Amino acid sequence: MSSPNNSFLSGANSSLISKKSLQNNLWAIVNDLKDSMDLWEVNSYICNVLLYSFLSEKFIDYVYNNYENIDYKKMEDTSFFVKCLKEKASNKLGFFILPSQIIENFIVNSNKRSNVHSELKKVLESIESSTVGCSSEKAFKGLFSHFDGLTHLQKVGLEEKNERLIKVLRDVYKLRGSSAFDRYYQYRDAFEFFSSAYASILGKGGSSYFTPLKVSELMVSLATQGRANIHKIYDPACGSGSLLLQFNKKAGGDRTNLHFFGQDLNERSYILARMNMIVNEVDYLNFNISLGDTLRKPSFREENSFDAIVSCPPYSLQWRNDTEHDLLHDERFAPAGVLAPSSKG
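About the thresholds
- Residues numbered from 1 in each chain as written.
- Predicted model: local features only at pLDDT ≥ 70, side-chain atom pairs only at ≥ 80, totals over all residues.
- Heavy atoms only, no water.
- Helix = DSSP H or I, 4+ residues; strand = E, 2+ residues; numbered from the N terminus.
- Buried < 20%, exposed > 50% of the residue type's maximum accessible area, 1.4 Å probe, protein only.
- Contact = heavy atoms within 4.5 Å.
- Areas by Shrake-Rupley, 256 points an atom, 1.4 Å probe, with all protein chains shown as cover.
- Expected span 1.5 Å × (residues − 1).
- Pairing = 2+ DSSP bridges.
- Axes fitted to C-alpha atoms, helices over the stretch in contact; angles between N-to-C directions.
- 1 Å grid on protein atoms, 1.4 Å probe; cavity = no way out; pocket = protein on both sides within 12 Å on 5 of 7 lines; lining within 4 Å.
- Points joined across faces, edges and corners; volume = space filled by probe spheres on them.
- Nonpolar A, V, L, I, M, F, W, Y, C, P; charged D, E, K, R; others polar.
- Parallel < 35°, antiparallel > 145°, perpendicular 65-115°, else oblique.
- Left-handed = near helix turned anticlockwise from the far one by under 90°.
- Right-handed = clockwise from strand over helix to strand, strands pointing away.

A look at the overall build of the protein chain
Across its full length, the protein chain holds 11 helices and 4 strands. Split into buried and exposed, the 345 residues of the protein chain put 48% on the buried side. Expressed as a percentage of contacts within the protein chain between residues at least 6 apart in sequence, the contacts between residues at least 24 apart total 75%. On the protein chain, roughly 17000 Å² of surface is accessible, and the fraction owed to carbon and sulfur atoms is 51%.

Some details on helix H7 (residues 158-173)
If you check H7, its first and last C-alpha atoms are 22 Å apart, about what 16 residues at 1.5 Å a residue would give, namely 22 Å. Every buried residue of H7 is accounted for by Lys161, Asn162, Arg164, Leu165, Ile166, Val168, Leu169, Asp171, Val172 and Tyr173. Where H7 is buried, its residues touch helix H1 (19-33), helix H2 (39-66), helix H4 (103-108) and helix H5 (116-129).

Observations concerning the sheet that holds strand S1 (residues 232-235)
With respect to topology, 4 strands assemble into an open sheet ordered S3-S2-S1-S4, the strand pairing being parallel. The sheet is open, and its two edges are formed by strand S3 (287-291) and strand S4 (308-309), each paired on a single side. With 2 bridges connecting them, S1 and S4 associate as parallel partners. Residue pairing in the sheet places Tyr234 in a bridge with Ile309 of S4. Across the sheet, helix H11 (residues 267-279) touches strand S2 (259-264) and S3, and the angle it forms with S3 is around 170 degrees.

Details of empty space enclosed by the protein
For the coordinates displayed, the defined rule picks out 2 cavities of 30 Å³ or more. Considered as a void within the structure, the largest cavity measures approximately 120 Å³ in volume. Broken down by secondary-structure element, the contributors of at least two residues to the lining of the largest cavity are H2 and H11. In terms of residue count, H2 provides more of the lining of the largest cavity than any other element does, 5 residues in total. Partitioned by chemical class, the residues of the lining of the largest cavity number 7 nonpolar, 4 polar and 1 charged.

Details of the packing of H1 against H2
The contact between H1 and H2 brings their axes to 10 Å, and the two run at 125 degrees. Comparing the axis directions of H1 and H2 gives the class oblique. For H1 against H2, the interelement crossing comes out right-handed. Touching Ile29, Val30 and Leu33 of H1 are Leu39, Val42, Tyr45 and Ile46, all from H2. Class assignment of the residues belonging to the contact of H1 with H2 gives a composition of 7 nonpolar, no polar and no charged.

Describing the environment of Leu143
Inspection of the secondary structure assignment puts Leu143 in the loop between helix H6 (137-140) and H7. Overall, the relative accessible area of 1% leaves Leu143 in the buried class. Each C-alpha atom of the pair Leu143 and Glu125 lies 9.1 Å from the other, and the pair is 18 residues apart in sequence. Filtering out sequence-adjacent residues up to four positions away, Leu143 remains in contact with Asn48, Leu51, Glu128, Ile271, Arg274, Met275 and Ile278.

Some details on the pairing of S2
Burial within S2 is extensive, with 5 of its 6 residues counted as buried. Strand direction decides the pairing type here: S1 and S2, joined by 4 bridges, are parallel. Across the sheet, Lys232 pairs through a bridge with His259, a residue of S2. Read from S2 through H11 to S3, the crossover connection turns out right-handed.

Some remarks on the packing of H1 against H7
Two elements in contact, H1 and H7, have axes separated by 10 Å at closest approach and are oriented at 175 degrees. In terms of their interaxial angle, H1 and H7 are classed as roughly antiparallel. Across the interface between the two elements, Ile29, Asp32 and Leu33 of H1 pack against Arg164, Lys167, Val168, Asp171 and Val172 of H7.

Here it is as structure tokens:
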């Protein structure tokens, strides 16, 4: 395996990359993997690396903004400062990352790793486990559970697997801009790009994964028309969370009073929606995304009311009303006295 060097950082501090350039760079990363993995696996894999890079950046910015003359990336994992920082950072950010686990350090030291994929999986599991017992645990639980794409590369040797993953890590890291503002926007745009691109690949069924931008903008505009105080927003079929996040964009500056609730039947969507919330800097206390069937087992009955309910439900999902007799007595449908007809949408 070729030894990496710090030259990969040379492209990391450029000015804000245009959306078109960003998309081209993302497609280049996809093309490096799609010959050996299906597109769903590629999507999941790259989104995991994007989130890892974002969390690394977020953590470093937190340290630099709160502690003078501290170069966290150069510290030992066992240092006194690192041990003292864990509780404070976990309470503030919702997670904790050791110096050696910061993406830049992981890449630089990748030549010391015999199995890069396995080592990175341990890092991601460590980040997730750092939230156990914290208020952020639900937001982070299982976020990296689908990070196993390269295990499917049966015909590729370990050395090639290592080289491919190191290249993905470098390429994702290079997407960052020169300031925290630039960097965070790059990650948001990247997640939006992957959500919309893969919805297009899915064709008709993709609408349940990602609501087209113009449609979501129109829906949010209608929901907020003439209303100044919207704080609680609910999407019962939230997909990747793109529709909910339109409220976040529309809110502009102060978003601290926005609280997002969503549920989805698809585990991939459930994971991606939470990733999207985190990358869009929604506080982990301000979103609650649930996995499950909204019709049969709605998650938010205890919520008295919502200020806005928006949804682009999966109309193509098969529905059998003759097997859902209990729903006739559900307070949501009982007033109608009848269920929707059986249909595939």
